[in-house]
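Secondary and tertiary structure notes
These are the residues of each chain, in order.
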Amino acid sequence: MERFKISCNPVPKELTIVGNGYRLSVLSCTILRVELSKNNDFEDRPSQMVVCRDFSSTEFKSSETPSTVTIETACNIFTFNKNTKKVKARAIIDGNEKVGRKLSKKGNLGGTCRTLDFRVGAVSLGRGLMAKGGMVIVDDSKNFIIDSDGMLVARKKDTKDYYVFAFDNYYADGLIDFFKLTGFPTVLPKYALGNWWSRYYPYSQSSYLALMDEFKKRNIPLSVATIDMDWHWVKDVPKEYGSGLQGAGWTGYSWNTGLFPDYKKFLKDLHERGLATTLNIHPAMGVRPFEDMYSEMAKAVDIDPATKQPIKFNLSDPKFLDAYFKVVHNPYERDGVNFWWIDWQQGKKSTVKGLDPLWLLNHYHTLDINRDGNKGIVLSRFAKLGSHRYPLGFSGDCITAWSSLKFQPYMTSTASNVGYTWWSHDIGGHQLGNGDDELYLRWLEWGVFSPINRLHSSRGAFYGKETWLHRRDVEEYAENFMRLRHRMLPYLYTANVMTATKGEPLISPMYYNLTNADNMKLSYKSKASYFFGSQLVVAPITSKLKKKFNRAGIKFYLPTGEWTDIFTGQKYAGGKNVKLYRKLDSIPVLAKSGAIIPMLVDGNSNSDSFENIEVWAYQGFGNYTMFDDNGASITFDNALNNKGCEFKISAPISKLATKTVSVLFKDIESADITVDGVKQGKGNSVLVDVGTEHKISLTNIKKPERKNFISAVEDIMQDYHILILKRIVMFARIKGKKSREEAYKFIKRMCLRKDVKGALCEALSLEI
């Protein structure tokens, strides 16, 4: 079957060393492949994990003794023991120190997990590819081989195949090498990056459309409409197949005409509202005689339809595999289904021993939905290393609790250590919990700055995630954040392209991409924060407000440099741990010096057109290329000098949809603005047409006045719920200090609550 074929070029012979029973392939300066075979019968076909081995020629030196083979690359010395068949590695420091330090197998920084189903809080994430200055070995021997026809075959007997990853602490570069070996993630369609509506609930055709219209009425943008399993027959299947959720009702492929009398019109109506659609499927029970497409499916797999014999789920059977897509799924896609949500019920066993049916579903669904040049996705659970090729990840039905929220940002950033960059969580929690408005909002704030913002809940009457089901202030903040998510589509889509082409994940841990001036030890301990694209650091608030203070804090490592909170405008110096406090209306989202952040002008509709862009620019030095569909792009340059600031906009490459760009200088109050040599007057923003290059110059820059420290203290003390008289006395004593420095030292000595003292110190000492 042509659409399932995968080719994998063999490693050039000049990059291999073959001996009696072994073959060593030098794939890069950080990756060594080791194959063991009694008959020197080695494997060049792709495996479930490795489909590329896509490296340019790697320079190395090799030497042999009767018992060892030593391979020296630019960054490692690998020693293979011919007797034990084991590999040791040493790092090369600064390009010329050939002893280096021994790479340890300890200090693994973790990977990810299969699912969070019915879990509360943290779960084990397993081993990742990254270790603190260390070496990681991944055994590929148990993975099946992908044959030339796209079907999977077992490995040859008496063979071993493993990969040595020795990335040292160059984690971002190591991830790129891993992608070159195993394949880069695909470019996601634009709709995947907006706000999703998802709920396990028996909507009808009319009630679902009415709900979408209510979101539109409230100017809350959505991009994906998820229809959970009630789109097909659940309770009304023939009794011989069981009924209800615990019976045969999980699997179904025929539309429930009682709820959806005209499903084609329903899908068309959703598309006209600017929504992509996905349907939930549980394929485990195959195709049974009551399904609409049973007769055609039975004939395709050589079963007489008259026998009404159930067709078992078996993706290892080429006939079933072909018909599963051509007969069951592809017709619905032509009717308007954009992609499929594969809700796992298959267990871990298939008709072929050792072959995971979840992996098969992810693999073949992704290849099929991307056929004919289409840009598609699946939503499914993590199967094993290599699953990054099948975005998106569905992390399962987690329990609604603060501990679940606290774990998800850490889990998502750490997943980059196995290349799994596109986790999608049940934002707000799937079920149970106590209907906590604060938890709902904090989860949504994290969801807006997560890979996929998919609001989801169970079917109970009180599980809904609609913004208007929450108290007035939470409703307002939630809607603002959802509008912000939609406005960020240009930034998110650009990060999406960079992941697929350059191997740069949208979310990565704090120990990625640090400079020599940074404190690596502190970054390892900073599990609360992460890089969000190339311009931002995010630290979600995952704890309750302090009742007597009306704020919650988060402690994290902030990399070296100058950082500006995009919500408050407050500036911070990095290179150290910081603890920041925020009310309900924001979380710490910090833009680096010189940051350039493209945004949609319109955040109120479902439109995902990049026709009109607003660029947020921060003082400093920066360069940023924004991407749109079909490779179209435009580049922005930001530079600050003694005379002022210059901002350049390149001519677009390819047919860019963008017509106008409004540049908003976020940390400038006003300046004299000149565009292409023509004076525009004073301000902090300017609008230009796209099509040719533009040069924007700012002179006589006036920065926002730094908040008087007394005003900052007063604002914080307003929310400190103690006796008014006591508050007055404390404030008066602080106010009596002549400088911020004196006030800072005095506050540290005062007998204040820890959280209040921390916030006051933040206001007085961390601003630049």
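You'll find the structure just up there.
About the criteria used
- Residues numbered from 1 in each chain as written.
- Predicted model: local features only at pLDDT ≥ 70, side-chain atom pairs only at ≥ 80, totals over all residues.
- Heavy atoms only, no water.
- Phe/Tyr/Trp six-rings, centres within 6.5 Å; stacked < 30°, edge-to-face > 60°.
- Helix = DSSP H or I, 4+ residues; strand = E, 2+ residues; numbered from the N terminus.
- Buried < 20%, exposed > 50% of the residue type's maximum accessible area, 1.4 Å probe, protein only.
- Lys NZ or Arg CZ within 6 Å of the ring centre and 35° of its normal.
- Pairing = 2+ DSSP bridges.
- Core = buried A, V, L, I, M, F, W, Y, C linked by side-chain atoms within 4.5 Å.
- Contact = heavy atoms within 4.5 Å.
- Axes fitted to C-alpha atoms, helices over the stretch in contact; angles between N-to-C directions.
- Parallel < 35°, antiparallel > 145°, perpendicular 65-115°, else oblique.
- Nonpolar A, V, L, I, M, F, W, Y, C, P; charged D, E, K, R; others polar.
- Salt bridge = Lys/Arg side-chain N within 4 Å of Asp/Glu carboxyl O.
- Polar contact = N/O pair within 3.5 Å; in protein donor to acceptor, adjacent residues only side chain to side chain.
- Arc of directions from axis to C-beta.
- Disulfide = S-S within 2.5 Å.

This brings us to the packing of aromatic side chains. Scanning the entire structure with this criterion turns up 48 aromatic pairs. With a centroid separation of 5.3 Å and 75 degrees between ring planes, the pair formed by Tyr171 and Tyr511 is classed as edge-to-face. Separated by 340 residues along the polypeptide, Tyr171 in helix H1 (residues 171–182) and Tyr511 in the loop between strand S20 (507–508) and helix H11 (520–525) bring together distant segments of the chain. The two residues Tyr171 and Tyr511 agree in class, both being buried. Measuring from ring centre to ring centre gives 5.7 Å for Tyr263 and Tyr332, while their planes differ by 90 degrees; the resulting arrangement is edge-to-face. With Tyr263 in helix H3 (residues 263–272) and Tyr332 in helix H5 (residues 318–335), this pair connects stretches of sequence that are 69 residues apart. Of the aromatic side chains, those joined through ring pairs into one cluster are Tyr201, Tyr203, Tyr208, Trp231, Trp255, Phe260, Tyr263, Phe266, Tyr332 and Trp340. If you follow Arg551 out to its NZ or CZ, it ends over the ring of Phe549, 5.1 Å from the centre.

A separate point is the sheet that holds strand S22 (residues 536–538). Judged by pairing direction, the sheet is antiparallel, and its six strands sit side by side in the order S20-S21-S22-S27-S24-S25 without closing on themselves. In this open sheet, the two edge strands, each paired with only one partner strand, are S20 and strand S25 (571–573). Where strand S24 (residues 562–565) lies against strand S27 (residues 589–592), three bridges are found, and the strand directions are antiparallel. Note that in S27 the partner of Trp563 across the bridge is Lys592.

If you look at the biggest cluster of nonpolar residues, it comprises 199 residues, and the most contacted ones within it are Phe449, Phe532, Phe636, Phe647 and Ile696. For this core, the leading source of residues is H5, giving eight residues. Apart from residues lying up to four places away in sequence, Phe636 is in contact with Ile596, Val615, Gly622, Asn623, Tyr624, Met626, Phe647, Lys648, Ile649 and Val661. Ranked by size, the runner-up nonpolar core spans 21 residues in total, among them Phe709, Met717, Ile734 and Leu752.

What follows deals with the environment of Met135. If you trace the backbone, Met135 turns up in the loop between strand S7 (87–91) and strand S8 (136–139). Separated by 29 residues in the primary sequence, Met135 and Lys106 have C-alpha atoms spaced 8.2 Å apart.

Attention now goes to unusual backbone geometry. If a residue is not glycine, its phi is most likely negative; likewise, a peptide bond is most likely trans. With omega at 25 degrees, the peptide bond leading from Pro391 into Leu392 counts as cis. Tracing the backbone shows Leu392 in the loop between strand S16 (378–379) and strand S17 (393–394). Although it is not a glycine, Asn40 adopts a positive phi angle of roughly 50 degrees. The class of Asn40 is partly exposed, set by a relative accessible area of 32%. Unusually for a residue other than glycine, Ser654 sits at a positive phi of about 65 degrees. Note on placement: Ser654 falls in the loop between strand S32 (644–649) and strand S33 (660–665).

Axis separation between helix H2 (residues 205–217) and H3 bottoms out at 11 Å; the angle between their running directions is 5 degrees. As summarised for this structure, H2 and H3 are arranged roughly parallel, according to the angle between their axes. Packed against H2, whose contacting residues are Gln205, Tyr208, Leu209 and Met212, the element H3 presents Tyr263, Lys265, Phe266, Asp269 and Leu270 at the interface. For the contact of H2 with H3, the residue count by class is six nonpolar, one polar and two charged.

This part takes up the pattern of salt bridges. Here the structure, examined in full by the defined rule, presents 43 salt bridges. Here Asp117 ties to Arg381 by a salt bridge, and the two come within 2.9 Å at their closest N and O atoms. Here the residue Asp117 occupies a position in the loop between S7 and S8, and Arg381 occupies one in the loop between S16 and S17, the gap between them amounting to 264 residues. Each member of the pair, Asp117 together with Arg381, is buried.

Mapped onto the secondary structure, Arg454 falls in strand S19 (residues 453–455). By relative accessible area, Arg454 is classed as buried at 0%. Here the side chain of Arg454 touches Ser424 through a polar contact of 2.7 Å, side chain to side chain. Setting aside chain neighbours within four positions, we find Arg454 in contact with Trp196, Ser198, Leu379, Phe394, Ser424, His425, Asp426 and Ile427.

With that settled, consider the pairing of strand S23 (residues 552–558). Most of S23 sits inside the fold, with six of its seven residues counted as buried. Bridge analysis of S23 against strand S26 (residues 576–582) gives seven bridges, and the strand direction is antiparallel. Of the residues in S26, the one forming a bridge with Ile554 is Leu580.

The subject of this paragraph is helix H14 (residues 740–749). By the burial criterion, the buried members of H14 are Arg740, Ala743, Phe746 and Ile747. Across the axial projection of H14, the buried residues extend over an arc of 125 degrees, all falling on one side. Structural note: H14 exposes Glu741, Lys745 and Arg749 on the side pointing more than 90 degrees away from its buried face.

Let us look at the state of the cysteines. All chains considered together, the criterion is met by one disulfide. Each disulfide pairs two cysteine sulfurs, and for Cys29 the partner residue is Cys75, the sulfurs being separated by 2.2 Å. With the S-S dihedral at roughly 105 degrees, the linkage between Cys29 and Cys75 falls on the right-handed side. Remark: Cys75 occurs in the loop between strand S5 (68–72) and strand S6 (76–81) and Cys29 occurs in the loop between strand S2 (22–26) and strand S3 (31–37); sequence separation between them is 46 residues. Cys113 forms no disulfide, and the closest cysteine sulfur to it belongs to Cys398, at a distance of 11 Å. The buried category is assigned to Cys113, whose relative accessible area is 9%.

As summarised here, the arrangement of the four strands in space is S28-S29-S33-S36, forming an open sheet in which the pairing is mixed. At either margin of the open sheet sits one strand with a lone partner, and together these are strand S28 (596–600) and strand S36 (685–689). With strand direction ignored, the average angle separating the axes of adjacent strands in the sheet is 25 degrees. Across six bridges, the pairing between strand S29 (residues 612–617) and S33 is parallel. Its bridge partner being in S33, Trp616 is matched across the sheet by Leu664. Strands in contact with helix H9 (residues 472–487) are S28 and S29; relative to S28, the strand with the most contacts, it is inclined by about 110 degrees.

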